[in-house]
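# Breakdown of the fold
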Amino acid sequence: MVSLTSPKTSVCYTMLIPEEYPRGEFYAFGDDGCKDLGAGSLKVVFTRLVLLFASEQGVDPTPIFDVAALKKPRPLEQSADLGAELKWQDFEEEAENKEALREAISFVERSSASLGKDIKISFCVLDTTLFVRVIFHPSMFLDQQTAACWGINFDKPLVVELTLTAPYYFTSTIVPQINEFQSLEADSGVLKLADASSFGLQWFVHNRLERLMKSAGVWPPKSFTFFSDLVAMTTNKILACTQNCVICDKKLPFEMTKPAVCDNPLCIFSHMQFGLGEDVAAEIQHHPMETDLLIMLTCAATNSPDTRRFNPFPSCLEVKTTDDAGVVTTHNFMECDTPNLVKVRQVIECIPPISELAKYKETASLQKFL
């Protein structure tokens, strides 16, 4: 309740703040009855009350209440003598943010109570920004060998972090910032996690979650099952990473052991540009025998008279070279839209032994050597 009283005429207006504030209608009660101040923020409605009071008294409202100052708060030393101003804008915004933050934290806590034992929710607050972390372990849906194959640390929980800003938090239609990582300290309530690390499918998971969150009906949350649904969306996308192209989500002709792309040139280009492919040097370092086996199987496929045995064929793989005259030549393994197995075999025969390739620990130095 806010009251304004004139010491000269003893006229008094009392404004009632509705219980459902910031929603609801405001009313002012005076000697001449009830005045409807309408809806709006506390700053706007209080301005209406002051203007109404000033008009009833036949005085200029500017000395009483500097409306322009509300839009741009003055320094404290300049506004100390403006008792009516009281920095209403800052006061109102802070109060609204605190109330909205309390409601957002309440939603997180109530959602956490509905989760199973395999999923945890942690949150921390920086000023009015709320960081909510959904934590679950890879063992929920992966075995250790598959996790290692897909670049996921089996000993570290996976974390999906939402960054929510005031004053809307879970009520805005704008999708919040999403981060994905692995950490053993995610449930500690600490803002900066020293052991936070990326994982092999991080770009893929981030891209798919953003698409899903922007789809109709997903955000803002409709129930307390939102976080369990978020984990389900994440795990389902990870489990399907070998069935669809990691760029366009197109169904692949067959499932591989590792994430792959379709034969669309744009997807292949994006795959290399985003660094989503395997680190060749790391693969040779950690899995030399498997790499050597893949090279031998590829070579064996080139000796078959039936090109259908070489599937998938690197039809979109190409290299451009520029000669001294500036002429650009494109090299690939196709000849009149037909796979050229001889070219592939010639390239494979030029590859040094695995023991020689294993000397190079970085892909850049390996490329320079080759």
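Structure shown above.
What this report covers is the structure whose coordinates are included nearby. (Residues numbered from 1 in each chain as written. Predicted model: local features only at pLDDT ≥ 70, side-chain atom pairs only at ≥ 80, totals over all residues. Heavy atoms only, no water.)

Now for unusual backbone geometry. With an omega of 0°, the peptide bond running from Ala-166 to Pro-167 counts as cis. Along the chain, Trp-219 connects to Pro-220 via a cis peptide bond; the corresponding omega equals 0°. Following the sequence through the fold, Pro-220 ends up in the loop between α6 (202-214) and α7 (226-239). Phi is positive for Asp-127, which is not a glycine, with a value near 60°. Inspection of the secondary structure puts Asp-127 in the loop between β5 (119-126) and β6 (129-136). At Asp-249, a residue that is not glycine, the phi angle is positive and equals roughly 70°. Tracing the backbone shows Asp-249 in the loop between α7 and α8 (265-273). (Helix = DSSP H or I, 4+ residues; strand = E, 2+ residues; numbered from the N terminus.)

Together, Leu-293, Leu-294, Met-296 and Leu-297 line one region of the surface with nonpolar side chains, adding up to about 410 Å² of accessible area. Secondary-structure assignment places Leu-293 in helix α10 (residues 288-302). (Patch = residues over 30% accessible without salt bridge, like charges linked within 9 Å, V, L, I, M, F, W, Y side chains within 5 Å. Areas by Shrake-Rupley, 256 points an atom, 1.4 Å probe, with all protein chains shown as cover. Salt bridge = Lys/Arg side-chain N within 4 Å of Asp/Glu carboxyl O.)

Let's shift gears to the packing of α6 against α7. Packing of α6 against α7 brings their axes to within 10 Å, and their N-to-C directions diverge by 130°. Between α6 and α7, the angle is such that the two are oblique. Regarding α6 and α7, the two cross each other, and that crossing is right-handed. Within the contact between the two elements, α6 uses Phe-204, Val-205, Arg-208, Leu-209, Leu-212 and Met-213 and α7 uses Phe-226, Leu-230, Met-233, Thr-234, Lys-237 and Ile-238. Of the residues assigned to the contact of α6 with α7, the class counts are nine nonpolar, one polar and two charged. (Axes fitted to C-alpha atoms, helices over the stretch in contact; angles between N-to-C directions. Parallel < 35°, antiparallel > 145°, perpendicular 65-115°, else oblique. Left-handed = near helix turned anticlockwise from the far one by under 90°. Contact = heavy atoms within 4.5 Å. Nonpolar A, V, L, I, M, F, W, Y, C, P; charged D, E, K, R; others polar.)

Within the fold, Ile-121 resides in strand β5. Note on Ile-121: relative accessible area 15%, which makes it buried. In the structure, Ile-121 is positioned 65 residues away from Ala-186 in sequence and 9.0 Å away in space, judged by C-alpha atoms. Ile-121 has contacts with Val-108, Ser-111, Ser-112, Leu-115, Val-132, Arg-133 and Phe-227, leaving out every residue within four places of it along the chain. (Buried < 20%, exposed > 50% of the residue type's maximum accessible area, 1.4 Å probe, protein only.)

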